[in-house]
Amino acid sequence: KSLLRIVRIFCHVFRLGPSSPNNGNDMGYNGNKTRRSQVFKPLELLWHSLDEWLVLISTELERSRKNPSSSPSSSSSEIATLLLKQRKSEHAGTTQELSSLLDHQIVMEAEAHADGEDVISMTASRLSAVIQAFYLCCSCQMPQGMTSPCFIEFVCKHDEVLKCFVTRNPKIIFDHFHFLLECPELMSRFMHIIKGQPFKDRSEWFYEHLLAGQPDSDMVHRPVNESDILLIHRDSIFRSSCEMVSKSTNEKLKQGIAVRFHGEEGMGHGVVREWFDILSNEIINPDYGLFTQSADGTTFQPNSNSSVNPDHLNYFQFAGQILGLALYHRQLVNIYFTRSFYKHILGVPVNYQDVSSIDPEYAKNLQWILDNDISDLGLELTFSVETDVFGAMEEVPLKPGGSSILVTQDNKAEYVQLVTELRMTRAIQPQINAFLQGFHTFIPPSLIQLFDEYELELLLSGMPEIDVEDWCRNTEYTSGYDRQDPVIQWFWEVVRSLTQEERVLLLQFVTGSSRVPHGGFAYLMGGGGLQKFTVAAVPYTSNLLPTSSTCINMLKLPEYPDLDCLRDRLLVALHCGTYGYTMA
């Protein structure tokens, strides 16, 4: 922490200098008469020492691969001591420099942990902090939004060691590798490790960086000026909110939101929460034509015909601002979107399974095309489709010259993907773009990509409440099970013992949706209409996991011999098999 504090002071001193050199040379001075180009000179030995240590660890990794049976601690301590002696000879009389302090601290740790801990485990956290310091110095010398080529070269050079650091101790990502969020070029190298970290840790990292630039961001309450209050009319909440938000600055909205309803005196957190709740319902109000319901009636996605409202793109931008603001200030909204729209927010490509949210039958047809040989069926499909545009059918090419390109067994996967993109993306691209323009005003794309579509839903809308008794009352049994069967009794005992999050996972595992429709479980929808939650018996074999058929809301539950076995197998299925679909 002391090192990073010192480095931030160096960066501040550097910024005090002029933005451009005088007379073609860097002869600018800061307030202390230090040449701008010389500000970071005292740290160069530290960066040299950092580079040497990373090379040392790379050598250690190579040695371990060639001789996996050797003891890591003794060789690590010996190598560290040798490097320290080398550094002393190179820089005699400079023991007070940061580079020498780094070497001393690491060797002391090496000697203190000579009981089996290897050099990587001992040095990773300290070296990662120095890497963070190096990034701070590199980035402050670059224009805003640009990544230092010098730092990118550094990361690429030591890629193996850095990945080893975060694989062994992922917490390093959240403590020191903040540069990943600002460097798309580097983020992809570590994304699989980041996505593997607990949702809670990623959420904390998300908000730590989201609020980092805000003054007094650690304050719980902030006084507001009268001019900063959003005065909202209840009888025209959508339009008046749109008008008030557009008048306010983004920086003020980030610092805090104060809402007062016209003619009412109340203010405070409760009023803000109510505003977000009511406004989120208004965003999906069919009168505005912005969003349409999914096939099951529980989720929404942009309306491809929203242009019937001449202001629709401005309203989509406003909707994006409201959801971005809600996420920024940790306010939940009372709205759930289709999986495909969450993917659009994340910048993740959609796939043919996402079509089921708006047209389950069409999604089945696409699945059938993929699963069957269409060579001799005479389907006569081409790379063009008819689509409804304001009630009139129009032929739309999926690719240039699509109407004259036949769909074959060889190119059918491309056809299915292009159809999916037309239905789920191209048809609503202007709406998506407008929404994201508003959303990214408050939520940077680099931060939101820490999550998947399921986690984004939790961040925006929270955990849906599930009434287990209503669930139990509206469940049917088949293939040999009935309500009194011991396995069924054990099943509901396990469900009652699950956490709320695990119940959501179970509901999603069986139905494909994490939400209960309005009116409760009696109104669950399947591929062909109303379809209650169903539990079907399956003969038991050792270690067999439950499976499901989401199109008919059916849990295929093996006839487990006891309660503990059922609980164990069900939890494994929920935590390891929730995502991904195949045809039953």
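It should be noted that the structure appears before, not after, this text.
First things first, this report covers the structure right here in the doc.

What counts and how
Residues numbered from 1 in each chain as written. Predicted model: local features only at pLDDT ≥ 70, side-chain atom pairs only at ≥ 80, totals over all residues. Heavy atoms only, no water. Helix = DSSP H or I, 4+ residues; strand = E, 2+ residues; numbered from the N terminus. Expected span 1.5 Å × (residues − 1). Buried < 20%, exposed > 50% of the residue type's maximum accessible area, 1.4 Å probe, protein only. Contact = heavy atoms within 4.5 Å. Axes fitted to C-alpha atoms, helices over the stretch in contact; angles between N-to-C directions. Parallel < 35°, antiparallel > 145°, perpendicular 65-115°, else oblique. Nonpolar A, V, L, I, M, F, W, Y, C, P; charged D, E, K, R; others polar. Left-handed = near helix turned anticlockwise from the far one by under 90°. Pairing = 2+ DSSP bridges. Polar contact = N/O pair within 3.5 Å; in protein donor to acceptor, adjacent residues only side chain to side chain.

Topic: unusual backbone geometry
Next up, step 1: Backbone geometry at arginine 330 places phi at a positive 60°, although glycine is not the residue there.
Next up, step 2: Within the secondary structure, arginine 330 is located in the loop between helix H15 (312-328) and helix H16 (339-346).
Next up, step 3: The backbone phi angle of asparagine 553 is positive, close to 55°, even though this residue is not glycine.
Next up, step 4: Position of asparagine 553 among the secondary structure elements: in the loop between strand E11 (547-549) and strand E12 (554-558).

Description of H15
Next up, step 1: For H15, with 17 residues, the first-to-last C-alpha span of 24 Å sits near the 24 Å given by 1.5 Å per residue.
Next up, step 2: Of all the 17 residues making up H15, 14 are buried; the element is thus mostly covered by neighbouring parts of the structure.
Next up, step 3: The positive-phi residue at the C-terminal boundary of H15 is arginine 330, with phi of around 60°.

A word on the environment of phenylalanine 179
Next up, step 1: Within the secondary structure layout, phenylalanine 179 lies in helix H9 (residues 179-182).
Next up, step 2: Take phenylalanine 179: its relative accessible area is 1%, and that puts it in the buried class.
Next up, step 3: When the C-alpha positions of phenylalanine 179 and glutamine 132 are compared, they lie 7.3 Å apart, and in sequence the two are 47 residues distant.
Next up, step 4: In this structure, phenylalanine 179 is in contact with Ile131, Tyr135, Phe151, Val155 and Leu186, ignoring residues within four places of it in sequence.

Side note on the packing of helix H2 (residues 44-66) against helix H7 (residues 159-168)
Next up, step 1: Contact geometry for H2 and H7: axes closest at 9 Å, N-to-C directions at 80°. Taken together, H2 and H7 sit at an angle that is classed as roughly perpendicular. The residues of H7 that touch H2, namely those facing Leu54, Ile57, Ser58, Leu61 and Arg65, are Glu160, Val161, Cys164 and Phe165.
Next up, step 2: Residues of the contact of H2 with H7, tallied by class, amount to six nonpolar, one polar and two charged.

As for the packing of H15 against helix H19 (residues 429-439)
Next up, step 1: Running from N to C, H15 and H19 cross one another at 40°; their axes reach a closest spacing of 6 Å. Judged by the angle between their axes, H15 and H19 are oblique. You can see that H15 and H19 cross each other, and the crossing is right-handed. In this structure, H15 contributes His312, Leu313, Phe316, Gln317, Ala319, Gly320, Gln321, Leu323, Gly324 and Leu327 to the contact, and H19 contributes Pro430, Gln431, Ala434, Phe435, Gln437, Gly438 and Phe439.

Focus: helix H12 (residues 237-247)
Next up, step 1: Buried within H12 are the following residues: Ile237, Phe238, Ser240, Ser241, Cys242, Met244 and Val245.
Next up, step 2: Looking at the buried positions of H12, the neighbouring elements they touch are strand E1 (230-232), helix H13 (250-255), strand E2 (259-261), helix H14 (269-283) and H15.

Observations regarding the pairing of strand E10 (residues 533-538)
The side chains of a regular strand alternate between both faces of the sheet.
Next up, step 1: In terms of burial, E10 is a largely internal element, five of the six residues being buried.
Next up, step 2: Direction of pairing for E10 relative to E12: parallel, over a ladder of five bridges. Each residue of the ladder has a partner; that of valine 535, found in E12, is leucine 555.

Observations regarding the side chain of histidine 176
Next up, step 1: Checked against the element boundaries, histidine 176 lands in the loop between helix H8 (171-175) and H9.
Next up, step 2: Within the local environment of histidine 176, its side chain forms a polar contact with the side chain of glutamine 132, the two groups lying 3.1 Å apart.

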